[in-house]
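What the coordinates show
As a plain string of letters, each chain reads:
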Amino acid sequence: YCESPKSLANDDNTYDYIVTGSGPGGGTIATNLARAGHSVLLVEAGSDATSDIRTQILSLNDFGNPNVAWHFFVRHSDDEERTKRYNLLVWRLTNGVYWVGRDPTTEGHQGAERLGVFYPRGATLGGSAINNAAATFLPSESDWDFFDRGVEDGIWNGKEMRKYFEKIEHNNYLEPGTPGHGFTGWLQTNIADPAVWAGATLRFKVFQAALKLIGRDPTKVLDYITSDPNYLDPKRDQTEGLWSLPFHVTPTWKRFSPRDYILETRNATNANGTRKYPIHLQLESLVTKVLFDKCGGNGTKPRAIGVEYLQGKSVYRADPRYNSTTTGTLSRVFARKEVIVSGGTFNSPQLLQLSGIGPKALLDKFNIPVVSDLPGVGRNLQDNYEVPIYGNAQINLVEDFDPNAPACTWGAPGDPCVDLWYQGKGPYARGGTNSNSFLIQTQHAVENERDMLMFASVGGIFNGFAPTTNQTRTPLPPTTFSWSTVKMHPQNTAGFVQIQSDDPQDVPEVNTNYFVDGQETDIPAILDTVAFVRKSFASTEAPVGPVVSVSPPCPPADILETGYCRDEEVDKDWIKDQAFGHHPTSTNKVGPDSDPMAVLDTRLRVRGVQGLRVVDASAFPRCPGAFPAVATYMLSERATDLVLEDADKW
Ligand SMILES: Cc1cc2nc3c(=O)[nH]c(=O)nc-3n(C[C@H](O)[C@H](O)[C@H](O)COP(=O)(O)OP(=O)(O)OC[C@H]3O[C@@H](n4cnc5c(N)ncnc54)[C@H](O)[C@@H]3O)c2cc1C
């Protein structure tokens, strides 16, 4: 006799599909499947935070917003000395509040607990698309072709994938009909209006010096910086230059995310008032386990038939509002067809491991019965390396962009700019000067493609993530010009996510293990970029230039004409110590049968079981491009077709 949890299934708790997680991966496919007529239960650990204005006005975004973000604390490496040198280490003081820096005792705080490197993830309806920066930059074609390596079934053909972007995009900045773009899809995109740059021309001198270095016409800087980087061209991935940077926002810069798509679909009605699409939302519910039917007999693979979830607000310990007195209620729901895991790069491998899918030794350690021994679950964690490169210009670069604009107070009560935004006007209703992207190909590019994306800002730098604290920081001078850099095709695959207990409310251990593999390409590529920026700084024309390089911290006297530091180790050490990231991917990678670390086949099916797929950023065999969100939407659209093709099998 074999007992299956299926005996508990009934009409009220059974759906065609169950999707766990509502980010770009899960939110997209759940909605698509419901629109195709299938009943779908979308289980999301977080709440619907639509009423939090910070999740709507992109300018007010708060990465660590406790209403919508899980606060993970990770390690960048096993090297304790390197860890101690990271500038944005987070500590919890004895009074419970966060403190950020290398050593709290320097400010008299004794007994603080070191938490690690802050790594926020969205945990709300819409996932990380609700607290991300919303940059929407297409990956390169080779990132898709990489899926099929060793399989060659063409499912992820890079050229074909473009049509998924065309299908989902609702472009707000190009002439309708522009090839390679979509104008009627669900995902709104926009770039900053050219008028934004009219009040920010001082910095153009720095862009122009950089353009000269790559042989582009510096007089066309305004044309370039207002042009589309997602243009259709077979040579796009090899082309260096300056472009605008699109975001997933509406024409008035309201964040647009799967939340909008899900809610619009859920609220759609027929003429008689009944719900048009069978999508059901189960919010504030943490999925704790995938349920399997192991009674198939005759060597049949265990079949995923449902999930168990804990209903309760903030029951996960990465939730900054977690309170041990909220215990939650455990429920079970069932899927007639498939269970789709979409908890994101940290949480999907955690859920699989808790459910008995993962490295056997790890599961044995916590007495979790093995359903499928897959050593790759939680391994292969990848991330785009980011470092800021900055210097001081000869004059202040912060320009008074709009002297008539009211003084915005960043969402404080009575903020006049919020009122204006509701009318579709004012500073929050338009893009900012972060809408720029400069792409170069270093001497260490893999794939013979450009491998570095940079975006510029003035008066400040982006040097990593930190939660809000009450510490006071000295602002950087308005002469600061900085490039945020994003390393594409990072070669490191040594990061990992693994459970630390069998308790689903616990957070897994996350170690990005930066610069373990591929340091021979990744570090020199970043050094090339630093050298490129320094050369452009040195050749920036007066009155703005020359820009005096500040960081990475090679002393100006030691910077060679080539831009490299006389002692390369100075820059190298700084890069290893201070590089950060926030684009984790690939912890359930797709790969061929011959790869023992492949978790998914090219149809995104979990190996060793039936009826279970992973559809989110953890599925990418390698980090897609410079920003993973749009690639995850596209992956989920592609996955929708794959799931629908198989719908009659069940
Ligand atoms: C601060 C920040 C800035 C970023 N900036 C950009 C950017 O500008 N451009 C870009 O392209 N990318 C950016 N990203 C990355 C991008 O947002 C992610 O790659 C993308 O959202 C990944 O989608 P996903 O579906 O894999 O996971 P997520 O978006 O993380 O969604 C996962 C969802 O699953 C839910 N979940 C997890 N576990 C469970 C469970 N057990 N039960 C129920 N629900 C669960 C979570 O609550 C969450 O809502 C940023 C991310 C962050 C956090």
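Please read these numbers as outputs of a predicted model, since none were measured by experiment.

**Some remarks on the UniProt feature "binding site: FAD" (unreviewed entry) in the protein**
Here the UniProt feature "binding site: FAD" (unreviewed entry) sits at Val287. Among the secondary structure elements, Val287 is positioned in strand β11 (residues 285–293). Given 27 C-beta atoms within 10 Å, Val287 falls into the buried group. Not counting residues up to four positions away in its chain, the partners in contact with Val287 are Thr20, Val43, Val307, Tyr309 and Leu351.

**Let's talk about the UniProt feature "domain: Glucose-methanol-choline oxidoreductase N-terminal" (unreviewed entry) in the protein**
When the UniProt feature table is mapped to this numbering, "domain: Glucose-methanol-choline oxidoreductase N-terminal" (unreviewed entry) covers residues 344–358. Counting secondary structure, residues 344–358 comes out at 73% helix and 13% strand; the distance between its end C-alpha atoms is 16 Å.

**Focus: the sheet that holds strand β6 (residues 113–122)**
Ordered in space as β3-β6-β4-β5, the four strands form an open sheet in which the pairing is antiparallel. At either end of the open sheet lies a strand with only one pairing partner, and these are β3 (69–74) and β5 (98–100). On average, each strand axis in the sheet is tilted by 45° relative to the strand beside it, whichever way the strands run. In the sheet, β3 pairs with β6 via six bridges, with the strands oriented antiparallel. Bridge pairing in β6 links His71 to Pro120.

**What about the packing of helix α12 (residues 519–538) against helix α13 (residues 568–578)?**
For the pair α12 and α13, the least separation of the axes is 10 Å and the interaxial angle reads 110°. Judged by the angle between their axes, α12 and α13 are roughly perpendicular. Of the two elements, α12 crosses α13, and the hand of that crossing is right-handed. Residues Ile523, Ile526, Leu527 and Val530 of α12 pack against Glu568, Asp571, Lys572 and Ile575 of α13. Residues that form the contact of α12 with α13 fall into these classes: five nonpolar, no polar and three charged.

**What about the sheet that holds strand β17 (residues 437–440)?**
Reading across from one edge, β9-β17-β18-β19-β16-β22 is the order of the six strands in this open sheet, with antiparallel pairing throughout. Whereas interior strands pair on both sides, the edge strands pair on one side only; in this sheet they are β9 (241–243) and β22 (548–551). Strand-to-strand, the axes of this sheet are offset by a mean angle of 30°, without reference to chain direction. As paired elements, strand β16 (residues 386–392) and β22 share three bridges and run antiparallel to each other. Looking at β22, one finds that Asn392 is bridged to Val548.

What counts and how
Residues numbered from 1 in each chain as written. Predicted model: local features only at pLDDT ≥ 70, side-chain atom pairs only at ≥ 80, totals over all residues. UniProt positions renumbered as here; feature names shortened; annotations may be inferred. Helix = DSSP H or I, 4+ residues; strand = E, 2+ residues; numbered from the N terminus. Buried ≥ 20, exposed ≤ 12 C-beta atoms within 10 Å, placed from the backbone. Contact = placed C-beta atoms within 7 Å. Pairing = 2+ DSSP bridges. Axes fitted to C-alpha atoms, helices over the stretch in contact; angles between N-to-C directions. Parallel < 35°, antiparallel > 145°, perpendicular 65-115°, else oblique. Left-handed = near helix turned anticlockwise from the far one by under 90°. Nonpolar A, V, L, I, M, F, W, Y, C, P; charged D, E, K, R; others polar.

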